[in-house]
Amino acid sequence: MTTEFARHLQQQLQELRDAGLYKAERVITGAQGALIQVAGAQGAPGRTADGREVINLCANNYLGLSSHPQVIAAAHEALRTHGYGMSSVRFICGTQDLHKTLEARLARFLGTEDAILYAAAFDANGGLFEPLFGEADAIISDELNHASIIDGIRLCKAQRWRYKHNDMADLERCLQEASAARFKLVFSDGVFSMDGTIAQLDRMRELCDRHGALLGIDECHASGFMGARGRGTHEHRGVFGQVDLITGTLGKALGGASGGFTAARREVVELLRQRSRPYLFSNTLMPAIAGASIAVLDLLEASTALRDKLEDNTLWFRRAIVAAGFDIKPGTHPIVPIMVYDAVKAQALSARLLELGVYAVGFFFPVVPKGQARIRVQMSAVHEREHLERAVAAFAQAGRELGLARA
Ligand SMILES: *Cc1c(COP(=O)(O)O)cnc(C)c1O
């Protein structure tokens, strides 16, 4: 490497640090759960917590399945019976019975004809649009869609429209402007991760029907717990079985390891197996993840207890944190944005919470708009009421000390 190039990189890193945009990674020294052990974060002075156990409020471990005994046992069993690695892509010798079973089970769970696995949801979105749509087609996308959707659409030759976030009138404008296209697809996050906003899929379905468009959603923050049976945003909004393309992750509520999927009609999945580049040219899930994911679906189809507990925790926490004097973005999703507005104060609050035994990260510009800094917490079925009570007490104390809470 030339010194000029190294210097060029160092300069960019310094610019990130100077702008307060540098992301330090906190090291966890045990399993994911309600309580986690944290080591100090590199490059985050004043925020070290030296191996203490703290209440974790920022994992996507919505159902507490990341360390669930049945899930771990199923992973062990698959490791024993199917080995560690695939050492091949799917179409050469990288498909096991576990992968076929998991695809069929995901399709059933999500209410579609078939499903196809990817190494990650990022790949599912990255490999979705280009094989299905061409120059004659139009893709209409919410302006706040996830980075992987944006990248996936960029790889595709279809014409692009962007509508204002969650704005149905603006979506209809795009549908009208795109009326000459051969096929039209409207694509949105099912749930948006910064605010916990739930897409209006019932109204979107209606608009798509009126304009002859397909509807697709990314269910990463929904699969497993949204809707009465936890099937997702489509169930929550009363359009189960009526969404054309569904992408999602195994890396959040559904066990939290890694892996993604696209669920859709048989023809869609069949064509993706032929043409989707992240599927064709990259290994799929390790057998242990496939086996454990089947156990996750067994658990979720047998009982709604975990999603019910998550719903309960969410309701309780949203009320309690407001009673403690904080503003939140209203809603019902287990993502609860606790508004601090000012970036420096959000960081101070997060640091003080860690001292008080609560791990909750601050988000500020450019991740969220300027003046909208917040602590985004996420509820989990693994939280007991006692954890949440302690967390709210810590917020109340830190809020008083920093002059943030109203009460
Ligand atoms: C987390 C997330 C992804 C990426 O999921 P991975 O399986 O970790 O790649 C994609 N889309 C949305 C909306 C997400 O929240």
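About the cut-offs
Residues numbered from 1 in each chain as written. Predicted model: local features only at pLDDT ≥ 70, side-chain atom pairs only at ≥ 80, totals over all residues. Heavy atoms only, no water. Pairing = 2+ DSSP bridges. Helix = DSSP H or I, 4+ residues; strand = E, 2+ residues; numbered from the N terminus. Axes fitted to C-alpha atoms, helices over the stretch in contact; angles between N-to-C directions. Contact = heavy atoms within 4.5 Å. Near = heavy atom within 4 Å. Polar contact = N/O pair within 3.5 Å; in protein donor to acceptor, adjacent residues only side chain to side chain. Areas by Shrake-Rupley, 256 points an atom, 1.4 Å probe, with all protein chains shown as cover. Buried < 20%, exposed > 50% of the residue type's maximum accessible area, 1.4 Å probe, protein only. Arc of directions from axis to C-beta. Salt bridge = Lys/Arg side-chain N within 4 Å of Asp/Glu carboxyl O. Parallel < 35°, antiparallel > 145°, perpendicular 65-115°, else oblique. Left-handed = near helix turned anticlockwise from the far one by under 90°. Nonpolar A, V, L, I, M, F, W, Y, C, P; charged D, E, K, R; others polar.

Before going further, it helps to spend a moment on the sheet that holds strand β10 (residues 214–218). Strand order in the open sheet made by the seven strands is β4-β12-β11-β10-β7-β5-β6, with mixed pairing throughout. The open sheet has two edge strands, β4 (114–118) and β6 (159–163), and neither has a second partner. Averaged over all pairs of adjacent strands, the angle between strand axes in this sheet comes to 20°, irrespective of strand direction. Of the strands in this sheet, β6, β7 (184–189) and β10 touch helix α9 (residues 201–210), which is tilted by about 150° from β10.

Attention shifts here to the site of the ligand. In the region of the ligand, 13 residues are neighbours, and A121, F122, D218, T249 and K252 sit closest. Here a nitrogen atom of the ligand sits 2.6 Å away from a polar atom, N or O, in the side chain of D218. For the ligand, an oxygen atom lies 2.6 Å from a polar atom in the side chain of T249. Considered on its own, the ligand offers 380 Å² of accessible surface; in the complex 82% of this is hidden by protein.

A word on the pairing of strand β11 (residues 245–249). The buried count for β11 comes to five of five residues, which makes it a mostly enclosed element. Alternating residues of β11 divide into L245, T247 and T249 and I246 and G248, and every residue in both groups is buried. Where β10 lies against β11, three bridges are found, and the strand directions are parallel. Counted as the bridge partner of G216 is L245 from β11.

Turning to helix α8 (residues 168–177), its buried residues number three or more, namely M168, D170, L171, C174 and L175. An end-on view of α8 places all buried positions within 160° of arc, on one side of the element. Buried residues along α8 sit against β5 (138–142), β6, β7 and α9. Two or three places before A169, at the start of α8, stands the capping residue D167, its side-chain oxygen 3.0 Å from that residue's backbone nitrogen.

On to the sheet that holds strand β13 (residues 327–328). Each strand in a sheet pairs with another by means of backbone hydrogen bonds, the pair being arranged parallel or else antiparallel. Here we have four strands laid out as an open sheet, ordered β13-β14-β17-β16, and antiparallel in their pairing. Of all the strands in the sheet, the pair left with one neighbour each is β13 and β16 (362–363). The strands that helix α15 (residues 343–355) touches are β14 (335–341), β16 and β17 (373–378); relative to β17, the one it contacts most, it runs at about 40°.

For the rest of this paragraph, the subject is the pattern of salt bridges. The tally for this structure, following the rule as stated, stands at 25 salt bridges. A salt bridge links R307 to E311; the nearest nitrogen and oxygen atoms lie 3.1 Å apart. Here E311 and R307 lie together in helix α14 (residues 305–323), a separation of four residues that amounts to about one turn. A residue is classified by how much of its surface remains accessible, and R307, at 10% relative accessible area, is buried. Each of R90, K100, E103 and R273 takes part in a single network of salt bridges with overlapping partners.

This brings us to the packing of α15 against helix α16 (residues 385–402). Between two packed helices, both the angle of their axes relative to each other and the distance between the axes serve to describe the pair. Two elements in contact, α15 and α16, have axes whose closest approach is 10 Å; the angle formed by their N-to-C orientations is 130°. On the basis of the axis angle, α15 is oblique to α16. As α15 runs across α16, the sense of the crossing is right-handed. Across the interface between the two elements, A348, L349, R352 and L353 from α15 touch A394, F395, Q397, A398, G399, E401 and L402 from α16. Split by residue class, the contact of α15 with α16 holds seven nonpolar, two polar and two charged.

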